[in-house]
Amino acid sequence: GVVELFFFFKQKTAYEILSGLVGSEMCIRDRYQRRVHGILIMEITIFILALLAQGIFAEWSEPAQLAMTPGSLTTARDIYIDPSTGIRHIIYVTLNHSILGYSKLNSNNKVLFQRNFRDDKIFGIENSLIVGSGDGKGLYIVMGGVRWGPKQLRDKYYTESQDGGDTWTPLVKVPRDDLDDDSERDNAKILLIPYSNRIFIFYTRYGGMDTTGHICMVTKPSGSSVLSKEVEIYSGGITRPPVMSAEYTIVNSQAVLHVFYGIYGDENTELHYITSTNNGIHWSKPIRIKAADRFDHGTTFATFADNSNLQLVGGLYHLMTNRLGLAYKKGNNDWKSVSVSDRRVGWKSNYAPYAGTTIAGKENNRLMFLLFDESTDDYALNYSVWDLNTMTYKTEKAPTTENYSASGIRLSSYINQDNKIIVSALWGMVKDNVGYLYIATDTRPVSYTHL
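Reading the values: rules and limits
Residues numbered from 1 in each chain as written. Predicted model: local features only at pLDDT ≥ 70, side-chain atom pairs only at ≥ 80, totals over all residues. Heavy atoms only, no water. Salt bridge = Lys/Arg side-chain N within 4 Å of Asp/Glu carboxyl O. Helix = DSSP H or I, 4+ residues; strand = E, 2+ residues; numbered from the N terminus. Buried < 20%, exposed > 50% of the residue type's maximum accessible area, 1.4 Å probe, protein only. Core = buried A, V, L, I, M, F, W, Y, C linked by side-chain atoms within 4.5 Å. Contact = heavy atoms within 4.5 Å. Pairing = 2+ DSSP bridges. Axes fitted to C-alpha atoms, helices over the stretch in contact; angles between N-to-C directions. pLDDT = per-residue confidence, 0-100. Polar contact = N/O pair within 3.5 Å; in protein donor to acceptor, adjacent residues only side chain to side chain. Phe/Tyr/Trp six-rings, centres within 6.5 Å; stacked < 30°, edge-to-face > 60°. Lys NZ or Arg CZ within 6 Å of the ring centre and 35° of its normal.

**Student:** With reference to specific residues and values, describe the pattern of salt bridges.
**Tutor:** Pairs may arise between side chains of opposite charge once their charged atoms sit close together. Within this structure, the stated rule accounts for eight salt bridges. Here E230 makes a salt bridge to R205, at a shortest N to O gap of 2.7 Å. Of this pair, E230 sits in the loop between strand 13 (213-220) and strand 14 (231-236) while R205 sits in strand 12 (residues 198-207), and the two are 25 residues apart along the sequence. The class for R205 is buried, based on a relative accessible area of 6%. Note that R366 and D306 form a salt bridge whose closest N and O atoms lie 2.5 Å from each other. Taken together, the residues span a long stretch of sequence, with R366 in strand 24 (residues 365-374) and D306 in strand 19 (residues 302-306) at a distance of 60 residues. According to the relative accessible area criterion, R366 is buried, its value standing at 14%. Overall, D306 belongs to the buried group, its relative accessible area being 0%.

**Student:** For the nonpolar core, give the residues involved together with the corresponding values.
**Tutor:** If you look at the biggest cluster of nonpolar residues, it comprises 21 residues, and the most contacted ones within it are F369, L371, Y383, I421 and W427. Of all elements in the fold, only strand 24, strand 25 (380-387), strand 27 (407-415), strand 28 (420-431) and strand 29 (434-445) reach the threshold of two or more residues within this core. Excluding anything up to four places from it in sequence, Y383 contacts W60, F369, L370, L371, K394, T395, E396, A398, V423, D442 and R444.

**Student:** Account for the sheet that holds strand 18 (residues 287-289), with residues named and values stated.
**Tutor:** Taken together, four strands build an open sheet; the order of strands is 15-16-17-18 and the sheet is antiparallel. Among the strands making up the open sheet, the edge pair consists of strand 15 (244-251) and strand 18. Averaged over neighbouring strand pairs, the angle between their axes works out to 30° when direction is ignored.

**Student:** Break down the confidence of the model for the protein chain for me, citing the residues and quoting the values.
**Tutor:** Confidence in the prediction of the protein chain, expressed as mean pLDDT, is 76, and 72% of residues score 70 or more. Low pLDDT, under 50, characterises residues 1-58; the stretch is placed with 66 contacts to residues that sit more than four places away or in other chains.

**Student:** An account of the sheet that holds strand 21 (residues 324-330) is requested, with residue identities and associated values reported.
**Tutor:** Strand order across the open sheet formed by four strands is 19-20-21-22, with antiparallel pairing between neighbours. Looking along the sheet, the strands with just one partner apiece sit at the ends: strand 19 and strand 22 (336-339). Averaged over all adjacent pairs, the angle separating strand axes in this sheet is 20°, with direction ignored. Sheet analysis places strand 19 next to strand 20 (residues 312-318), joined by five bridges and oriented antiparallel.

**Student:** Go over the side chain of D442, please, and point to the residues and values.
**Tutor:** Its place among the elements puts D442 in strand 29. Residue class for D442 comes out buried when judged on its relative accessible area of 0%. Among the polar contacts made by the side chain of D442, one reaches the side chain of Y383 at a distance of 3.1 Å.

**Student:** Can you break down the environment of L191 residue by residue, with the values?
**Tutor:** Secondary-structure assignment places L191 in strand 11 (residues 183-193). In this structure, the C-alpha to C-alpha distance between L191 and Y140, residues 51 residues apart in sequence, is 9.2 Å. For L191, the contacting residues outside a window of four places in its chain are R198, I199, F200, F202, A246, E247, Y248 and L257.

**Student:** Give a description of the environment of G145 that names residues and reports values.
**Tutor:** Relative to the helices and strands, G145 is located in strand 8 (residues 139-147). Taking the relative accessible area as the measure of exposure, G145 reaches 0% and is therefore buried. Remark: the alpha-carbon pair of G145 and H97, spanning 48 residues in sequence, is separated by 9.4 Å.

**Student:** So, the packing of aromatic side chains: which residues are in play, and what are the values?
**Tutor:** Summed over the entire model, instances satisfying the criterion amount to 12 aromatic pairs. Pairing F200 with F202 gives two aromatic rings, centres 6.1 Å apart and planes at 10°, and the pair type is stacked. A centroid spacing of 5.9 Å and a plane angle of 10° characterise the contact between W427 and Y438, whose relative ring orientation is stacked. Here Y438 lies in strand 29 and W427 lies in strand 28, a separation of 11 residues in the sequence. Aromatic ring contacts, followed pair by pair, group Y102, F113, F117 and W168 into a single cluster. Across from the ring centre of F117, 4.2 Å away, lies the NZ or CZ of R115, which sits over that ring.

Encoded structure:
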């Protein structure tokens, strides 16, 4: 299909900027207004630099709207920004969930290339993810799909590109245990480990010959052309719909794998965690993470990890109170849980909220960015920026020009050559029976510290 790209850029005037200041900032504004007819270029330059230092100009661009197939539901699935090129690689579901679309965009969100992934044996595309090697070449996609047939089972499919997204290998089904072909594979996460360029694909498996939930993984070593056999890393009472995600951190040039999942506890749903330090050969005993409130398993679950000296891992999850909670740990410290939003999240009819996370920054100045739905009389998106050293945050409105509830939310980030944190957000929506994707960018100086 043809993708049309529209840009809506709203530039603030000096008056609009100045009229929004408060407190001591108003003194600067008043001094400016008294001399408005005799503006000194040097004074204005110093004033703008002062605002930049405070982070006041660190705000979203207006969203670029990508018009998709008319009459279809367009759901954002994932976005990856290549740090070596700034190219955005996005994947999304469209045409009644029968096609996984891929588009490559430059830093101005101009579409450079696009293609569709489709298999006649698959009638429904579900959660799908993309990661990259960071060198402008390697890209890897794991796609969730529902197979045609009497049982219509969920499965996982894999494809990769080694030329920056211009050509892709054929879709292949992720290997499964031949003895349990009736089980369903759901809720995948794909990781690409630096140094080794080893691929890990994690997913849940349930149904078939038993009712026990499982977490499984397959791997693909660097240079290999095939995926490994399926390996089970956990068996127990996984929630349905399942909640599972995985991350990695690097310790002494070695990957540490972290897997989060929800289980049915004695009274409430519980959030558990296991880890491996030897490429998934051995796993720790499960650790129960105490949530900020009762954990709701029927939700989107966004996890994050940071490879700086903070060694931060954690997850953003939906609470039964229809709010968001965040659990995290730094290094060998204990787990901590906090409430992210005092307001209700998700749709008005109490469906699960969409949420996305990304982390960027220099070694001792790391920021985490969260984007999530808020349930209000007029649908809204909220955007939180967290200082990872202090775990303090500031919440602001996301770059929406009209009120709606998003369909999928994903974030990706990198540090550009000007020492700026570049965060791109991708989300979908339906308006007037047309499916749209929106992409917007937030540019903040690495020294952004005014939270």
